[in-house]
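So the chains spell out like this:
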Protein chains: 2
Amino acid sequence: MSGWEAIRAEVLSRIRRRDWPPGALIPNEEALAQEFGVARATVNRALSELARAGVLERRRKAGTRVTALPVRKATLDIPVIRAEVEARSQRHAHRLLARARQPLPPALAARLGAPAGADYLFLQTLHLADGRPHVLETRWLNPAVLPDPAPDFATLSINEWLVAHVGFATGDIAFSAEPASVEDAAALGCAAGAALFITERTTFTDVAPITFVRLAHAPGYRLQTLL
Amino acid sequence: MSGWEAIRAEVLSRIRRRDWPPGALIPNEEALAQEFGVARATVNRALSELARAGVLERRRKAGTRVTALPVRKATLDIPVIRAEVEARSQRHAHRLLARARQPLPPALAARLGAPAGADYLFLQTLHLADGRPHVLETRWLNPAVLPDPAPDFATLSINEWLVAHVGFATGDIAFSAEPASVEDAAALGCAAGAALFITERTTFTDVAPITFVRLAHAPGYRLQTLL
DNA sequence: CCTGGCTTTATGTATAGACATAATAGCGTC
DNA sequence: GACGCTATTATGTCTATACATAAAGCCAGG
């Protein structure tokens, strides 16, 4: 038995078998390396993976222990909407519903770390899957990141433009449930007050805020992942 | 400049600077190792991390390229409810609303890979934060994993018992928005039809299905994470 | 032109050895 | 006993080297 995946599996199974119960200290890397007949680096790789998954907690000098109250970590894939729709072999299209220069609402300015009342580009886009409303995207975009003249978002999806031109940035994302506003309902073709799955995302680079997006998903949307 | 984090940062900044635009093939590990004056393993570590984050795509022989349509990967922490409540320094309590042996509904049997109509333990628990309804937990539990006699879940939270005694298992998790049923509304103290954030989780070990849980979160709940 | 097999190549993983770093545990002092 | 310093120790990372593996591309034979 060798290879870091085999070792990870063996350690996991010992934990499941309660050879090493929650909270217990497990043998150090050197000991395990010797037991399994591999190099310490191989054991390190296996244990590091398990720590990343939240199964183990590791601290220098203190050693490695089985997590007592595990915070399960799930990895979500957040695809570009078009890719998501096309992955289900549906046709994707989008319609630009609104586009305006507008002062950023104070609540959003705070979240983005932008000056209050800054002049932002407001965009509202309806994404369609096979012609049916799929997601209503409401976005405030920092005009400073746009080239002059600004791209025509009627043809090119904003998000894809950002992905291609602004590149990778940090931010945060939040999920919640909200009743559909009258505006949401009209765009998505559902009843006002219907339960909608909402994704809110803020993104910024180290130098400037970029964008805030609220995605209102049509009823029935599920976000799913393996544990 | 050395250390895999420094190299990861440098590569990322070249991507952001569009030295290496989306879709481009980047130099191979050997070349980068030489350029940065480090061992290939160090470059490998840096590039592997970026691949895991979805920034790069790597294939043997084909090389490493910048992801064209990046699927952002967000890692969610899924805490035990009690820990989540106490982390906000609120008091956690729970009340067992229902407990019964009941045949597993066919839809759930299929999802858990259990025989149709199997006899499962049905449990409904209301979690309170500072005395106010927080989450309504509806669970079907495979009685085979329970010891005899079964623990008294009125005092001990089911989930914590499972975490401590069944240990790590695989499964999947899904998030959605649903209107509150009459039952949900009564337990959570909200209006029927209100938009609720729903978490559904199935867990099983390699040998047996364990449990299906539906968590109906009180209105206002947000699930948040850094990107 | 297609197909099967071989070669080449970039990444993936393993190894032994070394040094870095964080943090505990123990010791000595007050 | 309380405090602060130091020695010890487990993990974290790096290096150099080697072999494994997937897969793209080439070439030959049909």
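Scroll up to find the structure this text is about.
Residues numbered from 1 in each chain as written. Chains lettered and ligands numbered in written order. Predicted model: local features only at pLDDT ≥ 70, side-chain atom pairs only at ≥ 80, totals over all residues. Heavy atoms only, no water.

Trainee: How should I be thinking about the packing of helix H2 (residues 29-36) of chain A against helix H3 (residues 40-52) of chain A in this particular structure?
Mentor: Packed helix pairs are specified by the crossing angle of their axes together with the interaxial distance, meaning the distance between the axes. Residues and elements named next belong to chain A. Remark: H2 packs on H3, axes separated minimally by 8 Å, with the N-to-C direction vectors making an angle of 110°. The angle between H2 and H3 falls in the class roughly perpendicular. In this structure, H2 meets H3 at a crossing whose hand is right-handed. Along its contact with H2, which presents Glu-29, Glu-30, Leu-32 and Ala-33, the element H3 presents Arg-40, Val-43, Asn-44 and Leu-47. Of the residues contributing to the contact of H2 with H3, the split by class is four nonpolar, one polar and three charged. (Axes fitted to C-alpha atoms, helices over the stretch in contact; angles between N-to-C directions. Helix = DSSP H or I, 4+ residues; strand = E, 2+ residues; numbered from the N terminus. Parallel < 35°, antiparallel > 145°, perpendicular 65-115°, else oblique. Left-handed = near helix turned anticlockwise from the far one by under 90°. Contact = heavy atoms within 4.5 Å. Nonpolar A, V, L, I, M, F, W, Y, C, P; charged D, E, K, R; others polar.)

Trainee: Please explain the interface of chain A and chain B as it appears in this structure.
Mentor: Where interface size is quoted, it is often the accessible area lost as the parts come together. Listed by partner, the interface residues are 54 residues for chain A and 55 residues for chain B. Here chain A packs against chain B, burying approximately 4,800 Å² in sum over the two surfaces, 58% of which is carbon and sulfur. Among the ionic pairs, Arg222(A) bridges to Glu200(B), the shortest N-O distance being 2.7 Å. Here chain A is connected to chain B by 12 residue pairs in polar contact (both at pLDDT 80 or more). If you list the elements that add at least two residues to the side of chain A that touches chain B, you get helix H1 (4-16), H3, strand S4 (72-78), helix H4 (81-87), helix H6 (158-165), strand S8 (170-179), strand S9 (195-204) and strand S11 (222-226) of chain A. Split by residue class, the side of chain A that touches chain B holds 31 nonpolar, eight polar and 15 charged. By the bridge criterion, five bridges tie S11(A) to strand S8 (residues 170-179) of chain B in an arrangement that is antiparallel. By the bridge assignment, Thr225(A) is partnered in S8(B) with Ile173(B). (Buried area = accessible area lost by both parts, 1.4 Å probe. Salt bridge = Lys/Arg side-chain N within 4 Å of Asp/Glu carboxyl O. Polar contact = N/O pair within 3.5 Å; in protein donor to acceptor, adjacent residues only side chain to side chain. Pairing = 2+ DSSP bridges.)

Trainee: Could you clarify how one ought to interpret the protein's contact with DNA strand D in this entry?
Mentor: By nearness alone, 21 residues border DNA strand D, and Arg58(A), Gly3(B), Trp4(B), Thr42(B) and Arg59(B) come closest of all. Arg60(A) has a polar side-chain atom sitting 3.0 Å from a sugar or linking oxygen of DNA strand D. Taken together, the elements giving at least two residues each to the surface near DNA strand D come down to H3, strand S2 (56-59) and strand S3 (63-66) of chain A together with helix H3 (40-52) of chain B. It is H3(B) that contributes the most residues to the surface near DNA strand D, four residues altogether. Counted by class, the surface near DNA strand D contains four nonpolar, six polar and 11 charged residues. (Near = heavy atom within 4 Å.)

Trainee: For this particular structure, what's the right way to read the sheet that holds strand S9 (residues 195-204) of chain B?
Mentor: The strands making up a sheet are joined through hydrogen bonds of the backbone, oriented either antiparallel or parallel. Reading across from one edge, S11(A)-S8(B)-S9(B)-S10(B)-S7(B)-S6(B)-S5(B) is the order of the seven strands in this open sheet, with antiparallel pairing throughout. Only two strands of the sheet have a single partner each, and these edge strands are S11 of chain A together with strand S5 (92-103) of chain B. Sheet twist, expressed as the mean angle between neighbouring strand axes with direction ignored, is 15°. Where S5(B) meets strand S6 (residues 119-129) of chain B, 11 bridges bridge the pair, whose relative direction is antiparallel. From the neighbouring strand, Ala93(B) faces S6(B), where its bridge partner is Leu128(B). Its contacts with the sheet place helix H6 (residues 158-165) of chain B against S6, strand S7 (132-141) and strand S10 (209-217) of chain B, and it is angled at close to 50° to S7(B).

Trainee: How do you make sense of the side chain of Arg201(B) when you look at a structure like this?
Mentor: With respect to the helices and strands, Arg201(B) occurs in strand S9. Although Arg201(B) lies buried, it forms no salt bridge, and the closest oppositely charged side chain, Glu137(B), sits 7.8 Å away as judged by the N-O distance. (Buried < 20%, exposed > 50% of the residue type's maximum accessible area, 1.4 Å probe, protein only. Lys, Arg positive; Asp, Glu negative; His and termini not counted.)

Just geometry here; none of it tells us what the structure is for.
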